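Here is what each chain is made of, one letter per residue.
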Amino acid sequence: SSEELFRRTAEAKRALGDRVMILGHNYQRDEVIEHADFRGDSLLLSKLAAERSERPYIVFCGVHFMAETADILSRSQQTVILPDMAAGCSMADMAAIEQVDQCWETLGRILPVEETVMPAVYVNSAAVLKAFCGEHGGITCTSSNARAVIEWSWARREKILFFPDEHLGRNTANKMGLPREQMIVWDPFQPNGGNTREAIQRAKLILWKGHCSVHQMFQPVHIDNFRKQFPDGKVIVHPECHEDVVNKADLSGSTEFIIKTVTAAPAGTAWAVGTELNLVNRLKRDLTDKKVFFLSSTVCQCATMFRIDGAHLCWAMENLADGHVVNHIVVPDEDKRWAKIALDRMMSVS
Ligand code: 13P
Ligand code: SF4
């Protein structure tokens, strides 16, 4: 039963004491997040992994790329555990290193790529892609610092190759006033990414054709429907949503920004929130002085975040308490070294 799982996990955690730190992403289920020592967005959790060096074990309740980032940023004697190895991210899977290498090579036939193009990778990506950025002078970003990272990149090179999320890149550049004709989309399955040489030469932002399957479900019509019902209500969404949704919303930002903003809003206000369902349901439950709604009428749940459940967490914790490390996340040393360079550049601008 769920009470039994809760009790057993709490018991294993007690037995491990200061040796373990449980990190939980804002999208995690209630039954998991209630055991977390810290919860937050990708940036906050990365910072915690980097700073809290005293605990030898990090149990990461989130998705694979987040656990990899924790392994890259944590001290070498720390061990990162992901309770379910199948907790991936469909967006991260939309850019493979072979495709990015090929894109870089193609750009290199058109431009002096190393001097003119800054690779900027969203943390929702495999460690090897972060390593690619580190090696080519580039940087990583999260939804909380994309603007600072884009500014940093343009201050150094004329163009940015932004991957794998087309929407975070476009929404950030829209807010910075970049004209549309200076943004192109790179489709890895098309020759030249589906662009003419002239368009590539003119572009200041090359956006990889990748998206989040959860956030793509939010539509502008959902905002229209909410506004009809609540003309004074506010709409807040994650920047992984399509630009038509972000442009219509009142505010956009990372999961942590969304939680802080709605929590701090005056009592009695109405909010439609466009991000993962677990997060919105918790806001709804905790902020009883406000009217909180899920932006879409259809369920938008991140299936891979959802894989981490009470049973997987209990299994990982009980094994650890018995001295067995299960689901150890290990980024190979060579990738780790370069990926850390890209992540450190991000940390210094955010
Ligand atoms: P945050 O960094 O805003 O928490 O976003 C992570 C994520 O995967 C959103 O889909
Ligand atoms: Fe990946 Fe989207 Fe899930 Fe975030 S919500 S982890 S981007 S699939």
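On a predicted model such as this, the values are computed, not experimentally measured, just so you know. (Residues numbered from 1 in each chain as written. Chains lettered and ligands numbered in written order. Predicted model: local features only at pLDDT ≥ 70, side-chain atom pairs only at ≥ 80, totals over all residues.)

Asker: Describe in detail the domain arrangement of the protein, supporting the description with residues and values.
Answerer: Bring the parts together and some accessible area is lost; that lost area is often taken as the interface size. Splitting the protein by domain gives domain 1 (2-88 + 305-331), domain 2 (92-211) and domain 3 (215-294). Here the C-alpha centroids of domain 1 and domain 3 sit 28 Å apart. Taken together, the 10 residues of domain 1 in the interface contact 8 residues of domain 3. Here the residues of the side of domain 1 that touches domain 3 sort into 4 nonpolar, 3 polar and 3 charged. (Domains from an automatic or database assignment. Contact = placed C-beta atoms within 7 Å. Nonpolar A, V, L, I, M, F, W, Y, C, P; charged D, E, K, R; others polar.)

Asker: Explain helix α8 (residues 146-156) residue by residue, including any values.
Answerer: Among the residues of α8, those classed as buried are Ala146, Val149, Ile150, Trp152 and Ser153. Along α8, the residues classed as buried sweep out an arc of 160° about the axis, all on the same side. (Buried ≥ 20, exposed ≤ 12 C-beta atoms within 10 Å, placed from the backbone. Helix = DSSP H or I, 4+ residues; strand = E, 2+ residues; numbered from the N terminus. Arc of directions from axis to C-beta.)

Asker: How would you explain the packing of α8 against helix α9 (residues 166-175) if you had to name every residue and give the values?
Answerer: At a minimum axis separation of 10 Å, α8 and α9 run at an interaxial angle of 75°. With respect to α9, the axis of α8 lies roughly perpendicular. Residues Ala146, Arg147 and Ile150 of α8 touch α9, and the partners they reach there are Leu168, Thr172, Ala173 and Lys175. Considered class by class, the residues forming the contact of α8 with α9 number 4 nonpolar, 1 polar and 2 charged. (Axes fitted to C-alpha atoms, helices over the stretch in contact; angles between N-to-C directions. Parallel < 35°, antiparallel > 145°, perpendicular 65-115°, else oblique.)

Asker: Describe the UniProt feature "binding site: [4Fe-4S] cluster" (unreviewed entry) in the protein, listing the residues and the values that go with them.
Answerer: Here the UniProt-annotated "binding site: [4Fe-4S] cluster" (unreviewed entry) positions come out as Cys89, Cys212 and Cys302. For this annotated set, covering 214 residues, all C-alpha atoms fall within 9.3 Å of each other, a compact arrangement in space. With respect to the secondary-structure elements, Cys89 resides in the loop between β4 (79-81) and α5 (97-110). Overall, the presence of 23 C-beta atoms within 10 Å leaves Cys89 in the buried class. Beyond its immediate chain neighbours, meaning those up to four positions away, Cys89 contacts Val63, His64, Phe65, Asn124 and Thr304. Tracing the backbone shows Cys302 in the loop between β13 (291-294) and α15 (310-321). For Cys302, a count of 23 C-beta atoms within 10 Å gives the class buried. (UniProt positions renumbered as here; feature names shortened; annotations may be inferred.)

Asker: Any chance you could break down the site of ligand 1 for me, citing the residues and the numbers?
Answerer: Residues in contact with ligand 1, as listed here, are Asn26, Asp41, Ser42, Asn124, Thr142, Ser143, Cys212, His238, Glu240, Ser254 and Thr255. Tallied by class, residues from the shell around ligand 1 come to 1 nonpolar, 8 polar and 2 charged. (Near = placed C-beta within 6 Å.)

Asker: Just give me the short version of the sheet that holds strand β6 (residues 139-141), but keep the residues and values in it.
Answerer: If you trace the 5 strands from one edge of the open sheet to the other, you get β6-β5-β7-β9-β8, paired in parallel fashion. The two strands at the open ends of the sheet, each matched to only one other strand, are β6 and β8 (183-186). Neighbour-to-neighbour, the strand axes of the sheet open up by a mean angle of 25°, direction not taken into account. One ladder, built from 4 bridges, connects β8 with strand β9 (residues 205-208); its direction is parallel. Bridge pairing in β9 places Met183 opposite Leu205. (Pairing = 2+ DSSP bridges.)

Asker: Provide a residue-level description of the site of ligand 2, including the pertinent values.
Answerer: The local shell around ligand 2 holds 13 residues, among which Cys89, Met91, Cys212, Val214 and Cys302 are the closest. Considered class by class, the residues forming the shell around ligand 2 number 7 nonpolar, 4 polar and 2 charged.

Asker: Can you lay out helix α14 (residues 277-286) for me, pointing to particular residues and giving the numbers?
Answerer: Helical periodicity: at 3.6 residues per turn, an α-helix aligns residues three or four positions apart in one direction. Within α14, the full set of buried residues consists of Asn278, Leu279, Val280 and Leu283. The elements touched by buried residues of α14 are α13 (255-264), β12 (270-274) and β13.

Asker: Pulling in residues and values, what's your account of the pairing of β12?
Answerer: In terms of residue burial, β12 counts as a mostly covered element, since 4 of its 5 residues are buried. The sheet contact formed by strand β10 (residues 234-237) and β12 spans 4 bridges and is parallel. Looking at the pairing, Val237 lines up with Gly274 of β12. As defined by bridge partners, β12 adjoins β13 across 4 bridges and the pair is classed as parallel. Paired with Trp271 across the strands is Val292, a residue of β13. Note on the crossover from β12 through α14 to β13: the handedness is right-handed. (Right-handed = clockwise from strand over helix to strand, strands pointing away.)

Asker: Hey, could you go over the sheet that holds strand β2 (residues 38-40) for me, with residue numbers and the actual values?
Answerer: Strand order in the open sheet formed by 4 strands is β2-β1-β3-β4, with parallel pairing between adjacent strands. Edge strands, defined here as strands with exactly one partner in the open sheet, are β2 and β4. With direction set aside, neighbouring strand axes in the sheet form an average angle of 25°. Direction of pairing for strand β3 (residues 57-61) relative to β4: parallel, over a ladder of 3 bridges. Note on β4: the bridge partner recorded for Val59 is Ile81. The strands touched by α15 are β1 (20-25), β3 and β4; relative to β3, the strand with the most contacts, the crossing angle is about 175°.

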